[in-house]
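Structural characterization, general
Here's the letter readout for the chains.
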Amino acid sequence: MIKPLGDRVVLKAIEKEEKTASGIVLPETAKEKPQEGKVIAVGSGRYENGQKVGLEVNEGDRVIFSKYAGTEVKVGEEEFLILRESDILAVVD
Amino acid sequence: MIKPLGDRVVLKAIEKEEKTASGIVLPETAKEKPQEGKVIAVGSGRYENGQKVGLEVNEGDRVIFSKYAGTEVKVGEEEFLILRESDILAVVD
Amino acid sequence: MIKPLGDRVVLKAIEKEEKTASGIVLPETAKEKPQEGKVIAVGSGRYENGQKVGLEVNEGDRVIFSKYAGTEVKVGEEEFLILRESDILAVVD
Amino acid sequence: MIKPLGDRVVLKAIEKEEKTASGIVLPETAKEKPQEGKVIAVGSGRYENGQKVGLEVNEGDRVIFSKYAGTEVKVGEEEFLILRESDILAVVD
Amino acid sequence: MIKPLGDRVVLKAIEKEEKTASGIVLPETAKEKPQEGKVIAVGSGRYENGQKVGLEVNEGDRVIFSKYAGTEVKVGEEEFLILRESDILAVVD
Amino acid sequence: MIKPLGDRVVLKAIEKEEKTASGIVLPETAKEKPQEGKVIAVGSGRYENGQKVGLEVNEGDRVIFSKYAGTEVKVGEEEFLILRESDILAVVD
Amino acid sequence: MIKPLGDRVVLKAIEKEEKTASGIVLPETAKEKPQEGKVIAVGSGRYENGQKVGLEVNEGDRVIFSKYAGTEVKVGEEEFLILRESDILAVVD
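Just so you know, these numbers come straight off a predicted model, no measurement behind them.

What to know about the overall build of chain A
Within chain A, the secondary structure is distributed over zero helices and nine strands. In chain A, the succession of helices and strands from N to C terminus is β-β-β-β-β-β-β-β-β. Across the 93 residues of chain A, 40% fall into the buried class. Contacts spanning at least 24 positions in sequence make up 61% of the contacts within chain A whose residues lie at least 6 apart. Total accessible area computed for chain A in this model is approximately 5,200 Å², and 46% of it derives from carbon and sulfur atoms.

Some thoughts on the pairing of strand β3 (residues 36-42) of chain A
Residue and element names in this part refer to chain A. Pairing analysis gives five bridges linking strand β2 (residues 8-13) to β3, with the strands arranged antiparallel. Bridging from a neighbouring strand, V9 pairs with V42 of β3. The sheet contact formed by β3 and strand β6 (residues 62-65) spans three bridges and is antiparallel. From the neighbouring strand, G37 faces β6, where its bridge partner is V63.

Description of the side chain of A:E36
Residues and elements named next belong to chain A. Here E36 shows up in strand β3. Residue E36 is classed as buried on the basis of its relative accessible area, which comes to 10%. A distance of 2.8 Å separates polar atoms of two side chains, one belonging to E36 and the other to R62.

Observations regarding the interface of chain E and chain G
Facing the 17 residues of chain E at the interface are 17 residues of chain G. Here chain E packs against chain G, burying approximately 1,400 Å² in sum over the two surfaces, 54% of which is carbon and sulfur. Of all residues in chain E, E:M1, E:L5 and E:Y47 give up the largest surface area on contact with chain G, accounting jointly for 39% of the area buried on that side. Summed over the shared surface of chain E and chain G, the number is zero salt bridges. The interface formed by chain E and chain G contains seven residue pairs in polar contact (both at pLDDT 80 or more). Broken down by secondary-structure element, the contributors of at least two residues to the side of chain E that touches chain G are β1 (2-4), β7 (71-75) and β8 (78-84) of chain E. The residue inventory of the side of chain E that touches chain G, partitioned by class, reads eight nonpolar, five polar and four charged.

A few points about the sheet that holds strand β3 (residues 36-42) of chain E
With antiparallel pairing, seven strands are arranged side by side in an open sheet as β1(A)-β9(E)-β6(E)-β3(E)-β2(E)-β8(E)-β7(E). Edge positions in the sheet fall to β1 (2-4) of chain A together with β7 of chain E, since each of these pairs with one other strand and no more. Ignoring strand direction, the axes of neighbouring strands in this sheet form an average angle of 40°. By the bridge criterion, five bridges tie β7(E) to β8(E) in an arrangement that is antiparallel. Within the sheet, the bridge partner assigned to E:V75 lies in β8(E) and is E:E78.

So, the sheet that holds strand β3 (residues 36-42) of chain C
Reading across the sheet, the seven strands line up as β7(C)-β8(C)-β2(C)-β3(C)-β6(C)-β9(C)-β1(D) and stay open at both edges, with antiparallel pairing between neighbours. Among the strands making up the open sheet, the edge pair consists of β7 (71-75) of chain C together with β1 (2-4) of chain D. Taking each pair of neighbouring strands and ignoring which way they run, the sheet shows an average axis angle of 40°.

Considerations on the environment of A:G37
All names here are of chain A. Looking at the secondary structure, you find G37 in strand β3. Between the alpha carbons of G37 and V63 there is a distance of 5.4 Å; along the sequence they are 26 residues apart. If sequence neighbours within four positions are ignored, G37 has contacts with K12, A13, I14, D61, R62, V63 and F65.

Regarding the relation of the copies chain E and chain G
Overlaying chain E on chain G yields an RMSD of 0.0 Å, the required transformation being a rotation through 52° with an accompanying axial translation of 0.0 Å. A share of only 6% of the interface residues of chain E reappears at the interface of chain G, consistent with the copies meeting through non-equivalent patches.

Looking at the relation of the copies chain A and chain E
Structural alignment of chain A on chain E gives an RMSD of 0.0 Å, achieved by rotating through 51° and translating 0.0 Å along the axis. Looking at the interface residues of chain A, only 6% of them are also at the interface in chain E, so each copy uses its own face.

Looking at the interface of chain A and chain E
At the interface, 17 residues of chain A touch 17 residues of chain E. The largest share of the area that chain A buries against chain E comes from A:M1, A:L5 and A:Y47, three residues that together contribute 39% of it. If you look at where chain A meets chain E, you find seven residue pairs in polar contact (both at pLDDT 80 or more). Those elements that place two or more of their residues in the side of chain A that touches chain E are β1, β7 (71-75) and β8 (78-84) of chain A. Its residues assigned to classes, the side of chain A that touches chain E shows eight nonpolar, five polar and four charged. One ladder, built from three bridges, connects β1(A) with strand β9 (residues 88-92) of chain E; its direction is antiparallel. Bridge assignment links A:K3 to a residue of β9(E), and that residue is E:V91.

Some thoughts on the packing of aromatic side chains
One pass over the structure, following the stated rule, counts zero aromatic pairs over all chains. Looking at B:K12, its charged tip hangs above the ring of B:F80, at a distance of 5.3 Å from the centre.

What to know about the pattern of salt bridges
One pass over the full model with this rule turns up 35 salt bridges over all chains. Residues joined by salt bridges that share partners form a network here, namely A:R46, A:E48 and A:E85.

As for the environment of E:V9
Residues and elements named next belong to chain E. As for its position among the elements, V9 is in strand β2 (residues 8-13). Put simply, V9 and E78 are 69 residues apart on the chain and 16 Å apart in space, counted from C-alpha to C-alpha. Apart from the residues lying within four places of it in its own chain, the contact partners of V9 are P4, V39, A41, V42, L55, V57, L81, I82, L83, E85 and I88.

Notes on the confidence of the model for chain A
Residue and element names in this part refer to chain A. Averaged over chain A, the pLDDT score is 86; the fraction of residues at 70 or greater is 80%. Looking at the elements of chain A, mean pLDDT is at its lowest for β7, recorded as 88, and at its highest for β3, recorded as 97. Across the predicted assembly, pTM comes out at 0.84 and ipTM at 0.83.

What to know about unusual backbone geometry
All names here are of chain E. Of note, the phi angle at N49 is positive, near 55°, even though the residue is not glycine. By the element assignment, N49 lies in the loop between β4 (46-48) and β5 (51-53). N49 sits in the partly exposed class, given a relative accessible area of 31%.

Conventions adopted
- Residues numbered from 1 in each chain as written.
- Chains lettered and ligands numbered in written order.
- Predicted model: local features only at pLDDT ≥ 70, side-chain atom pairs only at ≥ 80, totals over all residues.
- Heavy atoms only, no water.
- Helix = DSSP H or I, 4+ residues; strand = E, 2+ residues; numbered from the N terminus.
- Buried < 20%, exposed > 50% of the residue type's maximum accessible area, 1.4 Å probe, protein only.
- Contact = heavy atoms within 4.5 Å.
- Areas by Shrake-Rupley, 256 points an atom, 1.4 Å probe, with all protein chains shown as cover.
- Pairing = 2+ DSSP bridges.
- Polar contact = N/O pair within 3.5 Å; in protein donor to acceptor, adjacent residues only side chain to side chain.
- Buried area = accessible area lost by both parts, 1.4 Å probe.
- Salt bridge = Lys/Arg side-chain N within 4 Å of Asp/Glu carboxyl O.
- Nonpolar A, V, L, I, M, F, W, Y, C, P; charged D, E, K, R; others polar.
- Axes fitted to C-alpha atoms, helices over the stretch in contact; angles between N-to-C directions.
- Least-squares fit on C-alpha atoms with pLDDT ≥ 70 in both.
- Phe/Tyr/Trp six-rings, centres within 6.5 Å; stacked < 30°, edge-to-face > 60°.
- Lys NZ or Arg CZ within 6 Å of the ring centre and 35° of its normal.
- pLDDT = per-residue confidence, 0-100.

As structure tokens, this is what we get:
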């Protein structure tokens, strides 16, 4: 289990299959980094003027995040992304 | 549905048809980025000295925003812009 | 109508006719940007330590502002300047 | 009349006649910018932790200020300097 | 004994044996810096709006931290890493 | 008289006669700037979270300050240094 | 006597005799700057949200500090280092 600290969030990136206009499936290095992810774990929150406030996103949320934000980590064989909640732009239903 | 976080706002850009002085309609790459948009969704607000305050703009507002501000995202086939309320300059009636 | 957000102000620049010492009227590209304007609209104010405070300038004030501050916007056929109150240096009577 | 905003101050620079060691009076472009001025008008003050506090300098004070600080403005035929109080180093009696 | 100050944490890096795809064990200079560590000691905490708050990590926690964060120190023959808690991304169970 | 503003301090630098190892007295341009000074005047203090607090140094103190900090000013024929109290490192008895 | 201001600390660096692997004692210019020191004097503290709080280190503590932090000063014939407490990483027992 991985528990992020403070205002951090652990995401699992959602890969979209990507084809070029002419229908060719792109190999991994030619694809843009994914911008959508699923929230795996959320931190305990952050301090606002001395009071601790919880995060807005919840485990299981599907979110859009800033490309290249955060740090990729590998726990066992799985890859995750750890970023600050402020790098998450929106929740998608 | 797309729900922005914190002080963020989701906009749909309003394209204006653009002609040069001599009446030629410009192809997309030659046009400046649009600076007007319609508010599609607003975040829950931001903290000011420990108190959460709502945003000034509302869903449906027509706004002028800083050129190049924010992040373009594609949800399904539609393109939106997600930016912070501080990148919105004014509401136009 | 254009309603600026927060601590922003909408100005209409006051053009001064400019002549060189020898009396030649300068064409527009040779003139410096105007530094004086008339306040057209003011935002709702800004937060100071959690309390919202109104702006110091009022609609109709004639003001001196920092050269190159703010963003030029065109509403209909009219050009305005939207800037933060902190870019306004003084009110002139 | 010119009324500065917030923590700004309007100064009239005090020119000192300047001679080189050999007694030659320097033409204007060869002189250093004046560092002394007389306070013409003071702003309404600034916010410190949500409370408005007045400025330390008063109209009529003779002050030393940071070279190149502030913005030169011309009102009518007169030239003034508008700067923030924090660019004023000291009052001289 | 080593006691970090404020919001700092002393870690002992956890080395993973590293082989290249072809099975060659890499000599130390060719390995990436470890990103996992064990908490050896934690500081007294940090101030949030005038109140001292304790750290989230505890002695003995296994943590993931930002590569290249912190300062390597040698106490006796042992090497440690001293970093701020904000450079620790997550606790791993 | 010169009265510094806010958290500023007026110093008179204390020149030390400087000789090279071989006993040669250095001309002024070859000497390092003095790092010791005597406090001539102190400002009214600074704001900490909305409360004005006085400075730690007093008139007459002998202090060590950061080399190159502050601004040199000339009042009449005398040269002074005006700097912020935060550029003073220590008081020497 | 030397009394540091605010959150500053006066240290006496602890030199370790340094030999290369082959046993050669290095002359001073070839050695790394010391990272350990003994606290000689501590400042009166710093402000956290309007309240003055004392420092964590005490006179006589043996500390590890950031290489190259602070300012070297010479009082009489002795050399000291003055740095901010935030440049001290840990206390060593």
